[in-house]
Amino acid sequence: MLRYIAKRIFLMIPVLLGISFVIFLLMYFTPGDPAQMILGDMADKEDVEALREEMGLNDGFFERYFRYMGDLLRGDLGTSYTTKLPVWDEISVRLPVTAKVAFFVILFAVIIGVPIGILSAVRQYTIIDSITRVLALLGITMPSFWFALLLVLLFSVRLGWLPASGLYGPSYYILPIISISAASIAIITRTARSSMLEVIRQDYIDTARAKGQKERVVLFKHALLNALIPILTVVGIQFAGSLGGAVVNEQVFAIPGIGKLMVDAIKARNYPLVTGSVLVLSLLQSMVNLFIDLLYAFVDPRIRSQYSRDKKKKKALNGAVTANAGMAANKRK
Amino acid sequence: MKKLLVLALAFMMLMSVIACSEPSTPAPENTSSPDATNEAATPAPDGQEPEGSDPATEIRKENLIVAIQAEPQTIDPYAASHETTFISSEPIFESLFKSENGELIPWLATGYETVDDLTIKITLRDDVYFHDGNKMTADDVVFSLTYGATSSFTSTLFGAIDVENTKALDEQTVELKLLYPYAPLLEGLASYRGAILSKAAFESMGADAFGRAPVGTGPMMFKNWVNGDRIELTAFDQYWGEKPAFDNVIFRIILEASSRTVELETGGVDVAFQISPVDWTRLEENPETQMLTGNSMSMTYLCFNNSMELYGNELIRKAIAYAIDVEAVAKTAYQGQADAADGFIARSIPGYKKVGPWEYNPEKSKELLAEAGYADGLEVKFVTFQQQYYNACIEIIQSMLSEVGITCTIEMVDLATFTSMNNNGELPMTVMANGSSISDPAVALSAWPLERTISLRHNDQHIQDLLDQGERTYAMEDRIKIYEELQDYLWEKLYILPLAYPLSGYGARANIGNFDFVASGVPDFAEIEFTA
Amino acid sequence: MIKKQAEHGHIKKRSQFQETWKRLSKNRLAMVGLAILAVLVITAIFADLIAPYPYDEQDYNATLQSPSLEHLMGTDEYGRDIFSRVVYGSRTSLYVGFISLTGGALIGCIFGAIAGFFGGKTDNIIMRTCDVLHGIPQIVLAIAIASTIGPGITSALIAVAVSSVPNFARVVRAATMTVRDQEYVEASASLGGNNTHIIIHHIFPNILAPIIVQATLGIGKSILLCASLSFLGLGVQPPMPEWGSMLSNARTFMRDYSYMVISPGIAIMLTVLALNLFGDGLRDALDPKLKK
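Residues numbered from 1 in each chain as written. Chains lettered and ligands numbered in written order. Predicted model: local features only at pLDDT ≥ 70, side-chain atom pairs only at ≥ 80, totals over all residues.

1. Notes on the overall build of chain B
Right, so step 1: Within chain B, the regular secondary structure consists of 18 helices and 20 strands.
Right, so step 2: Counting over 532 residues, chain B shows a buried share of 51%.
Right, so step 3: Of the contacts made within chain B by residues no fewer than 6 positions apart, 68% connect residues no fewer than 24 positions apart. (Helix = DSSP H or I, 4+ residues; strand = E, 2+ residues; numbered from the N terminus. Buried ≥ 20, exposed ≤ 12 C-beta atoms within 10 Å, placed from the backbone. Contact = placed C-beta atoms within 7 Å.)

2. Focus on the overall build of chain C
Right, so step 1: Across its full length, chain C holds 11 helices and zero strands.
Right, so step 2: Listing every helix and strand of chain C by position from the N terminus yields α-α-α-α-α-α-α-α-α-α-α.
Right, so step 3: Dimensions of chain C, computed from the C-alpha atoms along their principal axes, are close to 75 × 45 × 30 Å.
Right, so step 4: A burial count over chain C gives 57% of its 292 residues as buried.
Right, so step 5: Taking contacts inside chain C between residues at least 6 apart in sequence as the whole, the part at least 24 apart equals 71%.

3. Remarks on the sheet that holds strand 4 (residues 109–116) of chain B
Residues and elements named next belong to chain B.
Right, so step 1: What the four strands build is an open sheet, ordered 4-5-7-6; its pairing is antiparallel. In the strand order of this sheet, the two ends are held by strand 4 and strand 6 (167–170), each with one partner. Between one strand axis and the next, the sheet turns by 25 degrees as a mean value, whatever way the strands run. (Pairing = 2+ DSSP bridges. Axes fitted to C-alpha atoms, helices over the stretch in contact; angles between N-to-C directions.)

4. Focus: the domain arrangement of chain B
Residues and elements named next belong to chain B.
Right, so step 1: When cut into domains, chain B gives domain 1 (1–22 + 61–253) and domain 2 (299–503).
Right, so step 2: A separation of 30 Å is found between the C-alpha centroids of domain 1 and domain 2.
Right, so step 3: In this complex, domain 1 contributes 11 residues to the contact, which on the side of domain 2 involves 12 residues.
Right, so step 4: Breaking the side of domain 1 that touches domain 2 down by element, the ones donating at least two residues are helix 5 (155–158) and helix 6 (185–189). (Domains from an automatic or database assignment.)

5. Description of helix 7 (residues 153–180) of chain C
Residue and element names in this part refer to chain C.
Right, so step 1: If you check helix 7, its first and last C-alpha atoms are 38 Å apart, about what 28 residues at 1.5 Å a residue would give, namely 40 Å.
Right, so step 2: A maximum bend of about 30 degrees is found in helix 7 at Val165, where proline Pro166 lies one to four positions downstream.
Right, so step 3: The buried fraction of helix 7 is high, at 25 of 28 residues. (Expected span 1.5 Å × (residues − 1). Bend = angle between axes of the 7 residues up to and from the residue.)

6. A short note on the nonpolar core
Generally speaking, a soluble globular protein has its nonpolar side chains buried in company with each other.
Right, so step 1: With 343 residues, the main nonpolar core has Val329(B) and Leu499(B) as its most contacted residues.
Right, so step 2: With 17 residues, helix 7 of chain C is the largest single contributor of residues to this core.
Right, so step 3: Beyond its immediate sequence surroundings of up to four residues, Val329(B) is in contact with Ile324(B), Cys393(B), Ile396(B), Ile397(B), Leu499(B) and Ala500(B). (Core = buried A, V, L, I, M, F, W, Y, C linked by C-beta atoms within 7 Å.)

7. Description of the interface of chain B and chain A
Right, so step 1: Contacts between the two partners involve 50 residues from chain B, matched on the other side by 50 residues from chain A.
Right, so step 2: Contributions of two or more residues to the side of chain B that touches chain A are made by helix 1 (2–20), helix 2 (26–41), helix 8 (207–212), strand 10 (246–253), helix 9 (257–266) and helix 15 (415–423) of chain B.
Right, so step 3: Top element by residues in the side of chain B that touches chain A is helix 1 of chain B. It accounts for 10 residues.
Right, so step 4: Within the side of chain B that touches chain A, the residues separate by chemical class into 23 nonpolar, 18 polar and nine charged. (Nonpolar A, V, L, I, M, F, W, Y, C, P; charged D, E, K, R; others polar.)

8. Focus: the interface of chain C and chain B
Right, so step 1: With 29 residues of chain C at the contact, the number on the chain B side is 29 residues.
Right, so step 2: Contributing elements (two or more residues each) for the side of chain C that touches chain B: helix 2 (28–45) and helix 11 (259–286) of chain C.
Right, so step 3: By residue number, the principal contributor to the side of chain C that touches chain B is helix 11 of chain C, which donates five residues.
Right, so step 4: Here the side of chain C that touches chain B is built from residues that sort into 14 nonpolar, nine polar and six charged.

9. Let's talk about the packing of helix 5 (residues 87–122) of chain A against helix 10 (residues 215–244) of chain A
All names here are of chain A.
Right, so step 1: Where helix 5 meets helix 10, the closest approach of the two axes is 10 Å, and the angle between their N-to-C directions is 145 degrees. Crossing angle aside, the handedness with which helix 5 passes helix 10 is right-handed. Of the residues in helix 10, those touching helix 5 at Thr98, Ala99, Ala102, Val105, Ile106, Ala109, Val110, Val114, Ile118 and Val122 are Leu219, Leu224, Ile231, Val235, Gln238, Phe239, Ser242 and Leu243.
Right, so step 2: Partitioned by chemical class, the residues of the contact of helix 5 with helix 10 number 15 nonpolar, three polar and no charged. (Left-handed = near helix turned anticlockwise from the far one by under 90°.)

10. With respect to the confidence of the model for chain C
Residues and elements named next belong to chain C.
Right, so step 1: Per-residue pLDDT for chain C averages 80, and the proportion of residues at 70 or more is 92%.
Right, so step 2: Taken as a whole, residues 1–7 scores under 50 in pLDDT and shows zero contacts with residues more than four places along the chain or in a different chain.
Right, so step 3: Here the complex is predicted with pTM 0.86, and the ipTM for its interfaces comes to 0.83. (pLDDT = per-residue confidence, 0-100.)

11. Some words on the pairing of strand 13 (residues 299–304) of chain B
Residues and elements named next belong to chain B.
Right, so step 1: Taken across its six residues, strand 13 has six buried, putting it largely inside the fold.
Right, so step 2: Burial of the side chains of strand 13 extends over both faces: Met299, Tyr301 and Cys303 are buried on one face and Thr300, Leu302 and Phe304 on the other.
Right, so step 3: Note that strand 13 and strand 17 (residues 429–434) share six bridges and pair antiparallel. Within strand 17, the position partnered with Tyr301 by the bridge is Met432.
Right, so step 4: Two elements, strand 13 and strand 18 (residues 496–509), share four bridges in a ladder whose sense is antiparallel. Counted as the bridge partner of Thr300 is Ala500 from strand 18.

12. Quick notes on the packing of helix 8 (residues 170–200) of chain A against helix 10 of chain A
Residues and elements named next belong to chain A.
Right, so step 1: Closest axis-to-axis distance for the helix 8/helix 10 pair is 8 Å, and the angle between their directions is 160 degrees. Relative to helix 10, the element helix 8 is oriented roughly antiparallel. The crossing of helix 8 and helix 10 is right-handed. On helix 10, the residues that touch Ile180, Ser184, Ile187, Ile188, Thr191, Ala192, Ser195, Met196, Val199 and Ile200 of helix 8 are Ala223, Asn226, Ala227, Pro230, Ile231, Val234, Val235, Gln238 and Ser242.
Right, so step 2: The residue inventory of the contact of helix 8 with helix 10, partitioned by class, reads 13 nonpolar, six polar and no charged. (Parallel < 35°, antiparallel > 145°, perpendicular 65-115°, else oblique.)

13. Re the confidence of the model for chain B
Right, so step 1: Mean pLDDT over chain B: 86, with 89% of residues reaching 70 or higher.
Right, so step 2: Long-range and interchain partners of residues 20–55 of chain B, a stretch whose pLDDT sits below 50, account for 43 contacts in this model, where long-range means more than four residues apart.

14. Quick notes on the environment of Gln138(C)
Residue and element names in this part refer to chain C.
Right, so step 1: Here Gln138 shows up in helix 6 (residues 138–149).
Right, so step 2: Judged by the 21 C-beta atoms lying within 10 Å of it, Gln138 is buried.
Right, so step 3: Note: C-alpha distance between Gln138 and Leu225 (87 residues apart in sequence) is 8.7 Å.

15. Some remarks on helix 11 (residues 314–322) of chain B
Right, so step 1: Most of helix 11 of chain B is tucked away: seven of the nine residues are buried.
Right, so step 2: Elements that come into contact with the buried residues of helix 11 of chain B comprise strand 13, helix 13 (362–371), helix 14 (388–403), strand 16 (406–412) and strand 18 of chain B.

16. As for unusual backbone geometry
Right, so step 1: Residues Gly356(B) and Pro357(B) are joined by a peptide bond in cis, for which omega reads -5 degrees.
Right, so step 2: Locating Pro357(B) in the fold gives a position in the loop between strand 14 (338–340) and helix 13.
Right, so step 3: For Ala254(A), which is not glycine, the phi torsion reads 50 degrees and is therefore positive.
Right, so step 4: Inspection of the secondary structure puts Ala254(A) in the loop between helix 11 (247–252) and helix 12 (258–267).
Right, so step 5: For Asn514(B), which is not glycine, the phi torsion reads 50 degrees and is therefore positive.
Right, so step 6: Take Asn514(B): it is sitting in the loop between strand 19 (512–513) and strand 20 (529–530).
Right, so step 7: Asn514(B) sits in the exposed class, given 11 other C-beta atoms within 10 Å.

Right under this line is the structure:
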């Protein structure tokens, strides 16, 4: 198991290298001059040129990239162009905010989504099922900022129950969590419903029922445990997604998260900050994925045994397991 | 199964109707809001303190919360040109003078004496301390003036200061030398851009760190900056003047215009900047909020790149201008909160002359096009970045131009690209605004000097001559004559087409008193009083 | 021999198509979705005939008008007819959706199939590349591309296409891996079919189902991404009508003129809803496990 974890962490390195390269390349071809952005419209040409030289912006792509990577190896993410603070300082302020919100979002989505999905599956074709499916579809189809604005107008302006923006206390989290989690809830509900339906049809469930076990035991012990893998997959995807994808909601709710930081950094051509925050975020997302994969093993003894088998076979099987989980997650009904 | 769809649609409509429809009577709002307001505001500490130590009926509050529209890059007023920098640095710094209704009031200075056209002697107060505990001396003033003269952001305003020869005569006296006579100087020194910084703090911290934690002499001192969220200032105990009616100022960064309005309505903030014009009436009618509006000092204009062959052609520029209904552009783009521009500087600025607005005459436009050899149609191009009002102007102009057979493409880029293109002279046409931080025609026309004309790129020495004359003439009547002549000339040449004088406005809670609209957009927070 | 085989494949494909259609047509929700999509496509094709006004015709005397007989969905802040803009907007949305997805799907499928078929080092390189693309948040990728080539429909297209590549690649790779070891593929290989032939003639037809499903659902996502980009100020170039940018531009007016956000909002939701219903139905219909 430990070897597996170590190997997975080791495998993250080339991916992170690739990400830094792609981001660096994108930023390299982006028009716009960070030096000009710092000095403003009215700056003298010579001043801008001098600053470009000082910032090393006149060097070739590979020179800059390798210099960046060299610094990175020494644990230095560079200095933000706009604030002149170390990139890590900026990220370390913003990341926890986003991570906290994302965690609550996913927690909320699981608490709401999974039971509703199960209920919907057990009561297939009833009115509960229909309503659930409609709401789930709505959650997926609504543009998120529209939903967020509607929530603010309803709960902050008209009813006056909840604060409209900022994150200064528990009540401030409610609206952002609801609006960001809408899509996740919908997707988790759908996945829970479909994978439960699939499992319920299996023979061993009938066997368990035939053995005279209580319906609740049948559902939660036998069915849910086996339906869990696709649900976990989706939860992982949603969690990773809400870490980086909540930019729009961060803007509506004035949340100082990392999504907004990245967007602003791109707009200001703040290359070190862009690269740094994408890297840190990707690392976090990879960690989440690893954690989810480890949960598979916890849930399913078959997968657990695969993790410790010999090298060659493991690779193939792992691929198959993930593939199956993915396919199942995509399935509905 | 269709009922699923029906249900879905019904739910959607219900949601939007509930949230969008405003309460028709203000009554329920009134009964429920005060509680809600308090509740909402408590986590961000906003509790009203009972009567302060003063025996007078002064109401004190712990926090004054101000919503600003973007995060400033720095709070050093010499190192940026963005409004948010000035708003957040205003309570931290003070200038040598204050300007009220054109009157110069000594502030950190006790007075000044004009020795000759190039020399001013300024005497300073001797009871002023910086937030770091150092006493303000002539050295700090000389340092600040030098900084202002050399920084690329303020050299338009203070570039005339002779850095070599400006010096401290003694601890309380500064001799300010100029390179050439410069009329707007005192007005500039009296604005928030002439802030006096602590030399010691600046030199020990370095420019970048100083911009993140500045040290001035103002009533509030810097306390904390939470990246992306807020900037906190707290009262400065050793402040020489009158203490403000609050202990802290918190600038909250709220990017979404509608969120700023909502925060103001629900009491989450006390003051909010950049309120969208559609919300003005709502805030005026709401008994809990007020709108402070008035003419700003900026002018929105259609900028031609005169260095390009096509737009350097006067016939083309005028053909385009005749095709544009300036009145309709101004009213529509700013949702009624702007006037059609009829001059090259804002109306409140001395030297303003009404020369327009440009006539809307599509027939004449077609004639001029034919005369220029484009009877069969002309293709023009706008480049713009994401600025709501500029884009609105351009979108309307695009539609107007199509009526006279001018095909207009709009290229939208982001601000960084726009800035680069602008500096490289690659913008064909765009819409931009010419703001002015002080009420002086020389500064309001700062886009025109030959060495600064990066966007409109005219090459007209006559303009430069008139500008030089205007800048170097001290007598106001003579100056005004020069600027009137200049504006007539600009109108004749039409290197740019003035479009709109936008009104500007910020909102405040109803209990904020002694807080007036200022045209510069940077109000004095320290004077705020709370009413019950 | 090959000819015969191809013929056989052809017949088999057709019957498979008919069978799928038969099952699909029994799924009423999917049919509703299909109907909405059909209406949408027809609207997009005949926009010129349906829309009462040109999408960019401004009328400064009729700005912000509530819905009326003259303007079915009211007018916007420039006095443009919202109904006409919604009608023309269907073109933009479908264009963005289909083009970006086809691009992403094509690249993703090719790489996924190659990775799944060959395995080993090739697989590893391709899948790690996908991890890299997947590791960059979609919205960040979109904004970076928009900054590079300028905001507008093309950058949204490219961003959606690029960020959907990993998903397609993964789905196709997994499907290819399962198909690869089937007997008929081995049979074809033993008969001397080269790799390209096997991939195109045997593997692709069999992994079509997950691709189509992924694509249908992806179009909806790309329409929503476009809306988010518009919100961040990186939408289409004016005056092109696009629902997402109509919605986000109208957000300042939504409290006084709610109709301005309702019609483009519902247009987006209906489209995404239809794509989801149809996609789900298609998945069920193509799912061999559900064959009775």
